[in-house]
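Here's the letter readout for the chains.
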Amino acid sequence: MLVLIGVMAGAVGLSLGPADRGDAVGRETDLLTARLNRAADEALLTGAPVAFVWDPQGYRFEVPGPDGWVPHPVSLLGDPHPMAGGVDLSQGESDGRFVVTADLLPETGQPLVVTLRGGQISDVRVQFDGVNAQRLAPAS
């Protein structure tokens, strides 16, 4: 009988997932901020422009190749990153591309601001100016 109760409790625990599941937006915000900063570091080190490419479900980074833009050679940046836990990403449009030149200047001349949304957590905005990515304070 105790074994049966233990197995059932384990099954319920596994079906619930991690206890911090509600903060998927926070985790994704931290990952995005770190990856944008890493992409800026790579652009500075290599002297090559980098593009942040996104859609509501995820993002990736690209660099210029011989026949156009190709996935970034650093797999952490070049591999597509799907958003977890029902989080989606937007910047006014459903998808986009933000290019930072080799001089770490946004091609558009303006910083990028993206919004992460998901679940019951309020939206979180991340700003990237080509050099530094940071979480913005909630709008009041």
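Structure shown above.
Since the structure is predicted, the reported quantities are computational estimates derived from the model, not experimental observations.

Colleague: I tried to follow the environment of Asn-132 on my own but got confused; where do I start?
Modeller: Position of Asn-132 relative to the elements: it lies in the loop between strand E8 (121–128) and strand E9 (133–135). Under the relative-accessibility criterion, Asn-132 is labelled partly exposed at 36%. For the pair Asn-132 and Arg-38, spaced 94 residues apart in sequence, the C-alpha to C-alpha distance is 9.4 Å. Contact partners of Asn-132, with chain neighbours within four places excluded, come to Asn-37 and Gln-127.

Colleague: Help me understand the pattern of salt bridges in this model?
Modeller: Between side chains of opposite charge, pairing is possible as soon as their charged atoms come close. The final tally for this structure, using the stated rule, is 5 salt bridges. Between Asp-30 and Arg-135 there is a salt bridge, with its nearest N and O atoms 3.2 Å apart. Taken together, the positions of Asp-30 in helix H2 (residues 24–46) and Arg-135 in strand E9 put the pair 105 residues apart, joining distant regions of the chain. Since its relative accessible area comes to 49%, Asp-30 is described here as partly exposed. Of the charged contacts in the structure, one is a salt bridge between Arg-97 and Glu-62, with a shortest N-O distance of 2.8 Å. Placement of Arg-97 in strand E6 (residues 96–100) and of Glu-62 in strand E2 (residues 58–65) is noted, with a sequence separation of 35 residues between them. A relative accessible area of 40% means that Arg-97 is categorised as partly exposed. With a relative accessible area of 7%, Glu-62 lands in the buried category. Taken together, the salt bridges that share partners define one network made up of Arg-60, Glu-62 and Arg-97.

Colleague: When you look at the nonpolar core in this model, what are you seeing that I'm missing?
Modeller: Nonpolar side chains in soluble globular proteins generally cluster together in the buried interior. Counting residues in each nonpolar core, the largest one holds 27 residues, and the members touching the most others are Leu-32, Phe-52, Leu-89 and Leu-116. Elements supplying a minimum of two residues to this core: H2, strand E1 (50–55), E2, E6, strand E7 (112–118) and E8. When residues of this core are assigned to their parent elements, the largest contribution, 7 residues, is made by H2.

Colleague: Explain the packing of aromatic side chains to me, please; I cannot follow it from the model alone.
Modeller: Between two aromatic rings, the relevant description is the distance of the centres plus the angle of the planes. All told, the structure shown has 5 aromatic pairs when counted by the stated rule. Ring centres of Phe-52 and Trp-54 lie 5.3 Å apart, and the angle between their planes is 25°; this geometry places the pair in the stacked category. No difference in accessibility class separates Phe-52 from Trp-54, as the two residues are buried. Between Phe-52 and Phe-61, the aromatic rings sit 5.4 Å apart at their centres with planes inclined by 40°, giving tilted as the arrangement. Of the two residues examined, Phe-52 and Phe-61, each falls in the buried class. Of the aromatic side chains, those joined through ring pairs into one cluster are Phe-52, Trp-54, Tyr-59 and Phe-61.

Colleague: Looking at this structure, how should I read unusual backbone geometry?
Modeller: Glycine aside, negative phi is the norm for most residues, and most peptide bonds take the trans geometry. Of note, the phi angle at Leu-104 is positive, near 65°, even though the residue is not glycine. If you trace the backbone, Leu-104 turns up in the loop between E6 and E7. In this structure Leu-104 comes out as buried when scored by relative accessible area, which is 11%.

Colleague: Sorry if this is basic, but what is going on with the side chain of His-81 here?
Modeller: Mapped onto the elements, His-81 comes out in strand E4 (residues 81–82). A residue is classified by how much of its surface remains accessible, and His-81, at 14% relative accessible area, is buried. In terms of polar contacts, His-81 uses its side chain to reach the side chain of Glu-28, at 2.8 Å. Discounting residues that sit within four places of it in the chain, His-81 has contacts with Glu-28, Leu-31, Arg-35, Gln-57, Gly-58 and Tyr-59.

Thresholds, definitions, all that
Residues numbered from 1 in each chain as written. Predicted model: local features only at pLDDT ≥ 70, side-chain atom pairs only at ≥ 80, totals over all residues. Heavy atoms only, no water. Helix = DSSP H or I, 4+ residues; strand = E, 2+ residues; numbered from the N terminus. Buried < 20%, exposed > 50% of the residue type's maximum accessible area, 1.4 Å probe, protein only. Contact = heavy atoms within 4.5 Å. Salt bridge = Lys/Arg side-chain N within 4 Å of Asp/Glu carboxyl O. Core = buried A, V, L, I, M, F, W, Y, C linked by side-chain atoms within 4.5 Å. Phe/Tyr/Trp six-rings, centres within 6.5 Å; stacked < 30°, edge-to-face > 60°. Polar contact = N/O pair within 3.5 Å; in protein donor to acceptor, adjacent residues only side chain to side chain.

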